[in-house]
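Spelled out from the first residue to the last, the chains are:
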Amino acid sequence: YQRRVREAVVSTQSTGNEIRCLSIECTNASKSGHPTSCMSAADVLSVLFFNEMRYTNEEPRHPSSDRFILSKGHAAPGLYSAWCAAGLFDKEKLLTLRKIDSDLEGHPTPRLNFIDAATGSLGQGLSVAAGMAYIGKYIEKASYRTYCMIGDGESAEGSIWEALSFASHYKLDNLVAIFDINRLGQSEAAPLQHQMDVYRARVEAFGFHAMVVDGHSVEEILKAFEEAKSVKNKPSALICKTFKGQGGSEVADKLNFHGKALNAQSEKILAEIKGRMHGAEVVPRPAMIDDAPKVEDLPIKIKSDIDYKLGTKLATRLAYGHALVKLGEACDRVVVLDADTKNSTFALKFKDVFPDRFIECFIAEQNMVGVALGCGARRRTIPFCSTFATFFTRAMDQIRMAAVSQSHLNMAGSHCGVSIGEDGPSQMALEDIAAFRAIPNLVYFYPSDAVSTVRAVELAANYPCMTFIRTSRPETTVIYGADEQFEIGKAKIVKSSPTDKVLVIGCGITLESAMGAYSTLADEGTNIRVMDPFTVKPLDCEAVVRNARECGGKVITVEDHYPQGGLGEAVAGALSSADFLTNQKILAVREIPRSGPPAVLLDMFGISANKVADAVREMTK
């Protein structure tokens, strides 16, 4: 045994130095990158890739392989070099780092077949890793372990501590957090520098089994990983004392080398590092345990009946809860997360029926989004996460990075707009349409009744990229029959006649306003056409233009949202392609609102049925 340990130490020391050399060479080739950040992490990466992790080059994202998230994504050249040294691809490919035709980008993305989540916006990786570990332990009950490398600078991010709290609460003993404490940040030293006792105390206070190690001692790193495997009912953390630029005496532990290729110094540094390489034979890696359950990524169809009666009233947030249950009955891969609002978003309905597939994330929305991304990685589950729509704005960077990660993440935000009433403006989502419309490939559903909400959830579960479903607190009238068919990017015309004077477009609670105005104006002898977009993104631009033409180019949009970036501006974008004269009026919330009864607030801020009717009269006089 001791001989095998000695062989492993010598071999892994050598591959650690190989990773250093490759990191320097590929960043030299690209004339940019972060070689010194890779050099501090090289020995840990070597132990992980050549002694600790169980994986296969033939299928790096195999369902049963161990997971690795590089939260300090700027050290991507080190990660790429580790995979190169492990034989996944050759050095010629490694030297294409950061080239326009190379998927070896400056920070990792899932364009590469060995990356599960994009990183580089710091502080996010541990949440993703925690989501993967949760699925491995509680849903799949598989042997794979999850590792996450975190930089000391990014440990200042609150989302790291949200993730530590989540992981310890759920006793994720299959998760190992690795802190690379290399002392130096980008522009100055990190706040704690090498106060390893303080790092240990903080991580232990969050419920981790913490081990302080010399991050350049392969023997200590090997022992720590072995110890982590023996720890039960709590996650482990390696707190590694390292030096930025380790291996090169001219750059080690020195400022002003962050994010710079070492071209000028590299010849001397490479000679220095190679002089410590022993050419030892690589020790065989541990074999992967192939025990993750098989998953069939098939279309999901809600099978139970939708029994809402036309004309009855039901809040779309409640219909969302019903839809999750129906979806959970149809597919056991559906998991639901919430941020301690489940009795308001009605995700509680799912928990009541499927408690083993519900994940309470508490009041930590950034972490919830990251955990959900991890849950959905490798298409192992279909995650839905929910909270008040306004609180998702706190996690916009995680949401932005989830898009870069090509994630299949579904979000549902309730309590949108002034229509929530007395809770006041801190709880009113009035920016979310603008924010989510800017996310690439995301579908933004805005269902207006219970039936369309159920169909939105069903469509979201089958959509390959990200979705957001905006649900409302007040009850709205059921206007669609159970057999009504819905499609992404296809609007519904709910009221029309050959003599319509104006096209009125509303969603959710403001579709109710449009319908109320329709009845009032019809009694006055004025017909309007009412459109329900169903998805604000993609908007049914063809339907908008066609119906606007049939209504003489007159269009009114009404939304429970600020005007910037909302429904009105989306419609304006569609109308910009029209080959006829258009006249559009945007009814929206145009100032910071206040507490009050919902009906009063809708009228005060110009989006009630009365205000829609007034706008039509003004446009048609």
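Throughout what follows, the structure given in this document is the object of discussion. (Residues numbered from 1 in each chain as written. Predicted model: local features only at pLDDT ≥ 70, side-chain atom pairs only at ≥ 80, totals over all residues. Heavy atoms only, no water.)

1. Here's the deal with the pairing of strand E10 (residues 410–414)
For E10, a buried count of five out of five residues is recorded, marking the element as mostly surrounded by other parts of the structure. Burial along E10 is two-sided: the residues Asn-410, Ala-412 and Ser-414 and Met-411 and Gly-413 are all buried. The sheet contact formed by strand E9 (residues 382–388) and E10 spans five bridges and is parallel. Considered in E10, the bridge of Thr-387 is made with Gly-413. (Buried < 20%, exposed > 50% of the residue type's maximum accessible area, 1.4 Å probe, protein only. Helix = DSSP H or I, 4+ residues; strand = E, 2+ residues; numbered from the N terminus. Pairing = 2+ DSSP bridges.)

2. Topic: the packing of aromatic side chains
Within the structure shown, the criterion is met by 23 aromatic pairs. Measuring from ring centre to ring centre gives 4.9 Å for Phe-166 and Tyr-170, while their planes differ by 55 degrees; the resulting arrangement is tilted. Overall, Tyr-170 belongs to the buried group, its relative accessible area being 14%. Between Phe-486 and Phe-534, the ring centres sit 4.8 Å apart and the planes meet at 40 degrees, which makes this aromatic pair tilted. With Phe-486 in the loop between strand E13 (475–477) and strand E14 (492–495) and Phe-534 in the loop between strand E16 (528–532) and strand E17 (535–537), this pair connects stretches of sequence that are 48 residues apart. (Phe/Tyr/Trp six-rings, centres within 6.5 Å; stacked < 30°, edge-to-face > 60°.)

3. Description of helix H19 (residues 567–575)
Those residues of H19 not exposed but buried are Leu-567, Gly-568, Ala-570, Val-571, Ala-574 and Leu-575. Down the axis, H19 shows its buried residues gathered within 160 degrees of arc, on one side only. Each element contacted by the buried residues of H19 is listed here: helix H15 (432–437), strand E15 (502–506), E17, helix H18 (541–550), strand E18 (554–558) and strand E19 (583–587). (Arc of directions from axis to C-beta. Contact = heavy atoms within 4.5 Å.)

4. Describing the sheet that holds strand E2 (residues 146–151)
Across the sheet, which stays open at both edges, the five strands sit in the order E1-E2-E3-E5-E4 with parallel pairing between neighbours. Two strands lie at the open edges of the sheet, namely strand E1 (67–70) and strand E4 (209–214), each paired on one side alone. Neighbouring strand axes in the sheet, compared pairwise and without regard to direction, differ in orientation by 20 degrees on average. In this structure, E1 lies alongside E2, joined through four bridges in parallel fashion. Paired with Phe-68 across the two strands is Tyr-147, which belongs to E2. (Axes fitted to C-alpha atoms, helices over the stretch in contact; angles between N-to-C directions.)

5. A few points about the pattern of salt bridges
Applying the stated criterion to the full structure yields 31 salt bridges. A salt bridge links Glu-219 to Lys-223; the nearest nitrogen and oxygen atoms lie 3.8 Å apart. In this pair, Glu-219 and Lys-223 both sit in helix H8 (residues 218–230), four residues apart, roughly one turn of the helix. We classify Glu-219 as partly exposed; its relative accessible area is 39%. Each of Glu-25, Lys-91 and Lys-274 takes part in salt bridges that share partners, so that together they form one network. (Salt bridge = Lys/Arg side-chain N within 4 Å of Asp/Glu carboxyl O.)

6. Topic: the environment of Lys-303
Its location among the elements puts Lys-303 in the loop between helix H9 (263–274) and strand E6 (313–315). Sequence separation between Lys-303 and Asp-214 is 89 residues; the distance between their C-alpha atoms is 56 Å.

7. Some points on the packing of helix H1 (residues 2–30) against H8
The relative placement of two packed helices is expressed as an angle between their axes plus a distance between the axes. Relative to each other, H1 and H8 sit at 115 degrees, their axes nearing to 9 Å. One finds that H1 runs roughly perpendicular with respect to H8. When you trace H1 past H8, the crossing you get is right-handed. Across from Ala-8, Val-9, Thr-12 and Gln-13 in H1, the residues of H8 making contact are Val-218, Glu-219 and Leu-222. (Parallel < 35°, antiparallel > 145°, perpendicular 65-115°, else oblique. Left-handed = near helix turned anticlockwise from the far one by under 90°.)

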